[in-house]
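Examining the three-dimensional arrangement
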Amino acid sequence: ELVKQFNASVDMNLDGDVNSYSKAQAEFVLKDFFKKHPVSEFSIVHTGSSKGGLQFAIGRYVSNSDSYNVLIRVKELEGKFLVHEINFVKE
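The text that follows walks through the structure, step by step, so that each part is easy to find. (Residues numbered from 1 in each chain as written. Predicted model: local features only at pLDDT ≥ 70, side-chain atom pairs only at ≥ 80, totals over all residues. Heavy atoms only, no water.)

Assigned secondary structure in the chain consists of one helix and six strands. In summary, the chain has a C-alpha radius of gyration of 13 Å against a globular reference of 12 Å for 91 residues, a match within 12%. With the principal axes as the frame, the chain shows a C-alpha extent of 40 × 30 × 25 Å. Here the chain, with 91 residues, has 34% of them falling under the buried criterion. Total accessible area on the chain is roughly 5,900 Å²; 52% of this is exposed by carbon and sulfur atoms. If you average the places of the 11 positive and of the 12 negative side-chain charges in the chain, the two averages end up 2 Å apart. (Helix = DSSP H or I, 4+ residues; strand = E, 2+ residues; numbered from the N terminus. Rg over C-alpha atoms; globule rule 2.2 N^0.38 Å. Buried < 20%, exposed > 50% of the residue type's maximum accessible area, 1.4 Å probe, protein only. Areas by Shrake-Rupley, 256 points an atom, 1.4 Å probe, with all protein chains shown as cover. Lys, Arg positive; Asp, Glu negative; His and termini not counted. Charge placed at Lys NZ, Arg CZ, Asp CG, Glu CD.)

There is a patch of nonpolar side chains on the surface, built from Val39, Phe42 and Ile44 and spanning about 280 Å² of accessible area. Mapped onto the elements, Val39 comes out in the loop between α1 (23–36) and β3 (41–49). (Patch = residues over 30% accessible without salt bridge, like charges linked within 9 Å, V, L, I, M, F, W, Y side chains within 5 Å. Salt bridge = Lys/Arg side-chain N within 4 Å of Asp/Glu carboxyl O.)

What follows is about the sheet that holds strand β5 (residues 66–77). Read from one edge to the other, the open sheet built from six strands follows the order β2-β1-β6-β5-β4-β3, with strand pairing classed as mixed. Pairing within the sheet leaves two strands with one partner each, and these edge strands are β2 (17–22) and β3. The sheet shows a mean angle of 20° between the axes of neighbouring strands, taken without regard to direction. Across 10 bridges, β5 lies against strand β6 (residues 80–90) in antiparallel orientation. Counterpart to Glu76 in the pairing with β6 is Phe81. Running over the sheet, α1 touches β1 (6–14), β2, β4 (55–63), β5 and β6 and is turned about 35° from β1. (Pairing = 2+ DSSP bridges. Axes fitted to C-alpha atoms, helices over the stretch in contact; angles between N-to-C directions. Contact = heavy atoms within 4.5 Å.)

Turning to the nonpolar core, a few remarks are in order. In this structure, Phe6, Met12, Leu14, Ile86 and Phe88 are the most contacted members of the largest nonpolar core, which totals 18 residues. Breaking this core down by element, the ones donating at least two residues are β1, α1, β5 and β6. Sequence-distant contacts of Phe6, that is, excluding residues within four places in its chain, are made with Lys23, Ala26, Leu30, Leu82 and Val83. (Core = buried A, V, L, I, M, F, W, Y, C linked by side-chain atoms within 4.5 Å.)

This part is about the pairing of β3. Bridge count between β3 and β4: eight bridges; the pairing is antiparallel. If you follow His46 over to β4, its bridge partner there is Ile58. Taking the residues between adjacent antiparallel strands as the criterion, β3 and β4 are bridged by five residues, where Gly53 takes a positive phi near 95°.

So, about the packing of aromatic side chains. Applying the stated criterion across every chain, the model contains eight aromatic pairs. Ring pairs connect the aromatic residues Phe33, Phe34, Tyr61, Tyr68 and Phe88, which therefore count as one cluster. (Phe/Tyr/Trp six-rings, centres within 6.5 Å; stacked < 30°, edge-to-face > 60°.)

On to the pairing of β2. The two faces of a sheet get side chains in turn, since along a regular strand they alternate between them. Pairing between β1 and β2: six bridges, direction antiparallel. By the bridge assignment for β2, Val10 is matched with Tyr21. Hairpin remark: β1 followed by β2, antiparallel, with two residues in the connecting loop; positive phi at Asp15, about 55°.

In structure tokens:
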């Protein structure tokens, strides 16, 4: 469901591995991440917007004994808000 909200290209940081992916590539990379780190808990901690108008959400993703800070940034394109950046950084 998350991938349906992705922009055509997405910047991703998965615990220090930073890359820019096409929507299809991002889906594959995220599936692999979620398979290796299955969710046991997720919560949104904060939402807001930058001075430039980008909206964001900060969350906490827990998988087994690992915990990640999650940052999701979205842009409005043609009336739809699409994810253009997602970061999972291990605490």
